[in-house]
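In case you want the letters, here they are:
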Amino acid sequence: MPRQVRVIGGGIIGLSCAHLLQKAGYAVTIIARDFPAPFETTDPIAKINYTSPWGGAHNRWVPPHPSLPAHFTRDHALSLRTYTHMQRLHATHPHTAGITFLKGIEYLERPGPEYLALSTPSSPNALDLPGFRLLAPSDLLRDGRVTWGCEYDTWCVNPMVYCSFLLRRFVHRGGKVVTREVTRPEEVFSMSLDEGGLAPAPDSKSESEKKGEEEKGEEEGIVAAVVNASGTGLVPDPDMTVTRGQTVLVAEGCDATVTRQNADGSWTFCVPRGFDGGTVIGGTKELNNWDVKPSAEVREELLRKFTETYPNILGGGGGGGKRRLTVLRDIVGRRPTRNGGPRIEGELVPGAGFVMHAYGLGGRGYELSWGVAEAVVEGIEKHVNGEESKS
Ligand SMILES: Cc1cc2nc3c(=O)[nH]c(=O)nc-3n(C[C@H](O)[C@H](O)[C@H](O)COP(=O)(O)OP(=O)(O)OC[C@H]3O[C@@H](n4cnc5c(N)ncnc54)[C@H](O)[C@@H]3O)c2cc1C
């Protein structure tokens, strides 16, 4: 029975998939051009197409609704599953995983039907959002523009602390990593992985260990599946594009992750990264914009709008706080956006093998990560067991 799976991608999706595949008993190798590294040394231009360092990253619940595309319903289920995993990881690794649980606050100037449905007295919180509470009019901002608000329990991660934690655990459990660029998922089935990787030096193994590995190697020789967690897809896909995001990292912490949706379609938010990572203040969402350079004017606008929305971040009320946030760096990232939602499905590629796609996560890669990984394992198990391959 084939037991080997190769994962293309060392971002949040590839790492999460690799983990659950490893847990399901597969011998897993991650092959990627980019892997997690300290955020402080990550080059904004060289790594522009590696999105995971540039995410916030928080979990903001996105309500599904009959008026919205069907994938919102699927994605909400994925986010609930991810929340449960995050709770478990945080409980077992509170000081090392890079996860913080905190309050999420939302302010909306012009709420759509999906938000208004959450206020229906007959079914408040029909989506089972943990700690959900509607804000009373007296709790809303007094600028006369915010008309709806809520709060709930949620989590944030410090992206590179969290991704490095995942990578470390994967390797410690026997996972292999290979730094390499590939052209198509198909080539990965027959790719020789002799060079690269972090396998222990051969001399450190006993003869019986070596023999055992040889036998295991034969058994694991067949690649059962390749996971395509390459962010933007690597395969021709007319639905793929990017959504540029400019944010700014400040040194201050914040006691909540706050999001404001403005009537003109713009966003004002903060994501405290925790673990000495400061707070991301955001942010723009610019479809099809490939510009890598941050704009100083946009930065000032983001800071102004956020401090007006949530002055608590400046600390101390009654004039006792700071006047200005401490800017550490501008951030520009490319959300791998797919019209119709993320592609999470299996494909039997003639002459190659079973490719499980998991790309196009847009602005929700962290939020949906464990749910996507579960779906990937399910898809591969179905294929291996000869069942229907499409998920
Ligand atoms: C400004 C901003 C804010 C965001 N905020 C949030 C947030 O608050 N919450 C949230 O959930 N999400 C957020 N996101 C989105 C999130 O960051 C992405 O959805 C997520 O990082 C995508 O992860 P990924 O693993 O799919 O892709 P990536 O992180 O891009 O990883 C892709 C991997 O595939 C590899 N790869 C690609 N092509 C090749 C190739 N040819 N050969 C070999 N390897 C290859 C890369 O090297 C990399 O390892 C934000 C994004 C931005 C830009």
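In the nomenclature of an unreviewed UniProt entry, the protein is known as Nucleotide-binding domain-containing protein of Parathielavia hyrcaniae. UniProt's Cofactor (unreviewed entry) comment on the protein is quoted here verbatim: "FAD".

Pairing within the open sheet is mixed, and its six strands lie in the order β6-β2-β1-β7-β15-β14. Lying at the two open borders of the sheet, with one neighbouring strand each, are β6 (176-179) and β14 (343-349). Sheet twist, expressed as the mean angle between neighbouring strand axes with direction ignored, is 20°. Strand direction decides the pairing type here: strand β1 (residues 4-8) and strand β7 (residues 223-228), joined by five bridges, are parallel. Bridge pairing in β7 links Val 5 to Ala 225. Along the sheet face, helix α7 (residues 365-384) touches β1, β7, β14 and β15 (353-359) and points at about 165° away from the line of β15.

This model, assessed by the stated rule, comprises six aromatic pairs. Their ring planes at 70° and their centres at 5.6 Å tell us that Phe 39 and Trp 54 sit as a pair that is edge-to-face. With Phe 39 in the loop between β2 (27-32) and α2 (71-92) and Trp 54 in the loop between β2 and α2, the pair connects residues that are 15 residues apart, well separated along the chain. Look at Trp 54 and you get buried, because its relative accessible area is 7%. With centroids separated by 5.6 Å and ring planes inclined at 80°, the aromatic side chains of Tyr 83 and Phe 101 adopt a geometry described as edge-to-face. One end of the pair, Tyr 83, is in helix α2; the other, Phe 101, is in strand β3 (residues 99-108), and 18 residues separate them in sequence. Judged by its relative accessible area of 7%, Tyr 83 is buried. What links up through ring pairs into an aromatic cluster is the set Trp 61, Tyr 83, Phe 101 and Tyr 152. The aromatic ring of Trp 267 is capped on one face by Lys 285, whose charged end is 3.6 Å from the ring centroid.

Calculation criteria
Residues numbered from 1 in each chain as written. Predicted model: local features only at pLDDT ≥ 70, side-chain atom pairs only at ≥ 80, totals over all residues. Heavy atoms only, no water. UniProt positions renumbered as here; feature names shortened; annotations may be inferred. Pairing = 2+ DSSP bridges. Helix = DSSP H or I, 4+ residues; strand = E, 2+ residues; numbered from the N terminus. Axes fitted to C-alpha atoms, helices over the stretch in contact; angles between N-to-C directions. Contact = heavy atoms within 4.5 Å. Phe/Tyr/Trp six-rings, centres within 6.5 Å; stacked < 30°, edge-to-face > 60°. Buried < 20%, exposed > 50% of the residue type's maximum accessible area, 1.4 Å probe, protein only. Lys NZ or Arg CZ within 6 Å of the ring centre and 35° of its normal.

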